[in-house]
Amino acid sequence: AVPWANDPNYKVPDVTAPNLTRLGEECLTFARAYSACPNPMSARSAILSGKFPHSPAGPQLGPLLNLAGYRMASFSTLQADELVSFAHSKGPFFALWQMDEPGGFTHRLDPEAMQLRANVPASLAVRAKERLAEFYGRVPAWDQDIGIVLAALDRPDLRDTIVVFTSECGEQMGSQDLLTGDAAYEESVRVPLAIRYPKLWPKGMNSEVLFSQVDMLPTLLGLCGMTAPQGVQGVNLAPLLAEGTGDRPDAVYSEGALGTRFEWRMLVHGYDKLVTNAEGRVTNLYNLADDPYENNNLANASSEQLKRDALVAMKQSWMRKLEDGVDTSGLKVRRG
């Protein structure tokens, strides 16, 4: 995930990434995509199952497509060539390409040239710049492999392959005085999401639709003409994205720090954002339109009481619907 890709004031360092640039120009790009849980393993499960981490496991995207006749395989960072060979075999396919540490070269970048987000305190500036320089130094290697795969998909018979570029979660990179993720702040819960499907979107487009990772499975199945299995908690946004029909999501839900005393729940409704702790107490309240850096916590502001109460009621409704510690009557479920 490119740090703070959704921040219009953030200047990306001078790193050459022509293939990522090309991909962005050919995709439907989402400015407001959210992680279901900003923890890599939990988020990956949400993407592939369409269910939040607190829920029992269900069928995953790859096996569902495999049952429908799609070939299925997974690849790691160093396997761009293997992915190309797999794609060039006969028949429709589903390939999961997990890009972690680059296998090729890395560039040495000057940490002092890195721009920090406006909510990074001075005490973390040096470490944050070092981490950013390390991150951006990896980009050329990733970009080179992405170029190999995109070139392979330029064949006429593969041109309409659906390509999804996303990440499990973001990283704080010093914002809010944190270096790691699994926090309810935008730097952790907002993720890049771009979908290339020339059949529907021949040119690059931007979308402000709220998109949750749990929407990925039903939406991709919908684009393939399939129906999601029962129990999936995400929404099929294919009709909305492809034809402009269907309801536009007005909120997204997320959870994090599961199983710890720092456990939290988040609801973003429009541009209003509510965060509660494990006991359900409101800890953070922001308006992301007025305060995109989340510097002004309105949780205890008397002027925001009506909005806070409405968001709490909405979050409780989501918890009942998702059976997240609350049964359908609204009673709290005893765990363990």
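Above this text you will find the structure in question.
For every chain, the first residue of the written sequence is number 1, and numbering continues from 1 along that sequence. Local features in this predicted model are restricted to residues of pLDDT 70 or higher, and side-chain atom pairs are both shown and tallied only at a pLDDT of 80 or more, whereas totals for entire chains, interfaces and linings draw on every residue. In computing side-chain properties, one takes all heavy atoms of the structure into account and sets aside hydrogens as well as water.

Caption draft 1: Spotlight on the pairing of strand β11 (residues 282-287). Burial runs high along β11: 5 of the 6 residues are buried. Two strands qualify as a pair provided DSSP detects at least 2 bridges between them. Helix numbers and strand numbers start at the N terminus; a helix is a DSSP run of H or I with at least 4 residues, a strand a run of E with at least 2. As paired elements, strand β10 (residues 272-277) and β11 share 5 bridges and run antiparallel to each other. Looking at the pairing, D272 lines up with N287 of β11. Between the end of β10 and the start of β11, which pair antiparallel, lie 4 residues, with G280 showing a positive phi angle near 90°. Here the term buried applies to any residue with accessible area under 20% of the maximum for its type, exposed to any over 50%, and partly exposed to those in between, with areas from a 1.4 Å probe on protein chains only.

Caption draft 2: Up close: the packing of helix α4 (residues 80-87) against helix α5 (residues 125-152). Contact geometry of α4 with α5 gives a least axis separation of 9 Å together with a crossing angle of 10°. Between α4 and α5, the angle falls in the class roughly parallel. Seen from α4, the contacting residues are A80, D81, L83 and V84; seen from α5, they are D145, I148, V149 and A152. Classifying every residue of the contact of α4 with α5 by side-chain character gives 6 nonpolar, no polar and 2 charged. An axis is simply a line fitted to the C-alpha atoms; with a helix, the fit covers only the stretch in contact. Between two such axes, the angle follows the N-to-C directions and lies from 0 to 180 degrees. Should an angle fall under 35 degrees it is called roughly parallel, over 145 degrees roughly antiparallel, and 65 to 115 degrees roughly perpendicular, with every other angle called oblique. Contacts were defined at the residue level, with two residues in contact if any of their heavy atoms lie within 4.5 Å. Here the nonpolar group is Ala, Val, Leu, Ile, Met, Phe, Trp, Tyr, Cys and Pro; Asp, Glu, Lys and Arg are the charged ones; every other residue, Gly included, is treated as polar.

Caption draft 3: The arrangement of the packing of aromatic side chains in detail. Stacked, edge-to-face and tilted labels apply to pairs of Phe, Tyr and Trp rings (six-membered ring for Trp) whose centres lie within 6.5 Å, assigned for plane angles under 30 degrees, over 60, and everything in between, in that order. Summed over the entire model, instances satisfying the criterion amount to 8 aromatic pairs. Between the aromatic rings of Y197 and W201, the centroid separation amounts to 6.3 Å while the plane-to-plane angle is 70°, which identifies the pairing as edge-to-face. For the pair shown, Y197 and W201 are each scored as buried. Ring geometry for Y253 against W318: centres 5.9 Å apart, planes inclined by 10°, an arrangement best described as stacked. Taken together, the positions of Y253 in strand β8 (residues 251-256) and W318 in helix α9 (residues 305-322) put the pair 65 residues apart, joining distant regions of the chain. The same class applies to Y253 as to W318, namely buried. By way of ring pairs, the aromatic residues F52, Y253 and W318 are connected into one cluster. The ring of Y271 has R32 sitting right over it, with the charged end atom 4.1 Å from the ring centre. Seen from the ring of F86, R71 lies directly overhead, with NZ or CZ sitting 4.5 Å from the centre. Geometrically, a charge over a ring is one whose NZ (Lys) or CZ (Arg) sits within 6 Å of the ring centre while staying within 35 degrees of the ring normal.

Caption draft 4: How the structure looks around α9. Given a helix with a known number of residues, its expected span is that number minus one, times 1.5 Å. Spanning 18 residues, α9 covers 25 Å between terminal C-alpha atoms, matching the ideal 26 Å at 1.5 Å per step. Inspection of α9 places R308, L311, K315, W318, M319 and L322 among the buried residues, and these make up the whole buried set. What you see down the axis of α9 is that its buried residues fit within an arc of 100°, all on one side. Within α9, the exposed residues directed more than 90 degrees away from the buried face are L306 and K321. Looking at the buried residues of α9, the elements they touch are β8, β9 (264-269), β10 and β11. As used here, the arc is the angular range of directions from the helix axis to the C-beta atoms.

Caption draft 5: Structural context of the pattern of salt bridges. A pairing counts as a salt bridge when a side-chain nitrogen of Lys or Arg comes within 4 Å of a carboxyl oxygen of Asp or Glu. A complete count under the given rule lists 19 salt bridges for this structure. Its salt-bridge partner being E26, residue R159 comes within 3.9 Å of it at the nearest N-O pair. A residue pair is termed long-range when its members are at least 10 positions apart, and R159 in the loop between α5 and β4 (163-166) and E26 in the loop between α1 (18-25) and β1 (28-34) qualify at 133 residues. The exposure class assigned to E26 is buried, which follows from its relative accessible area of 17%. K307 is the salt-bridge partner of E304, the closest N and O atoms lying 3.5 Å from each other. Note on E304: relative accessible area 17%, which makes it buried. A single network of salt bridges, built from pairs that share partners, joins R22, E26, D154, R159 and R196.

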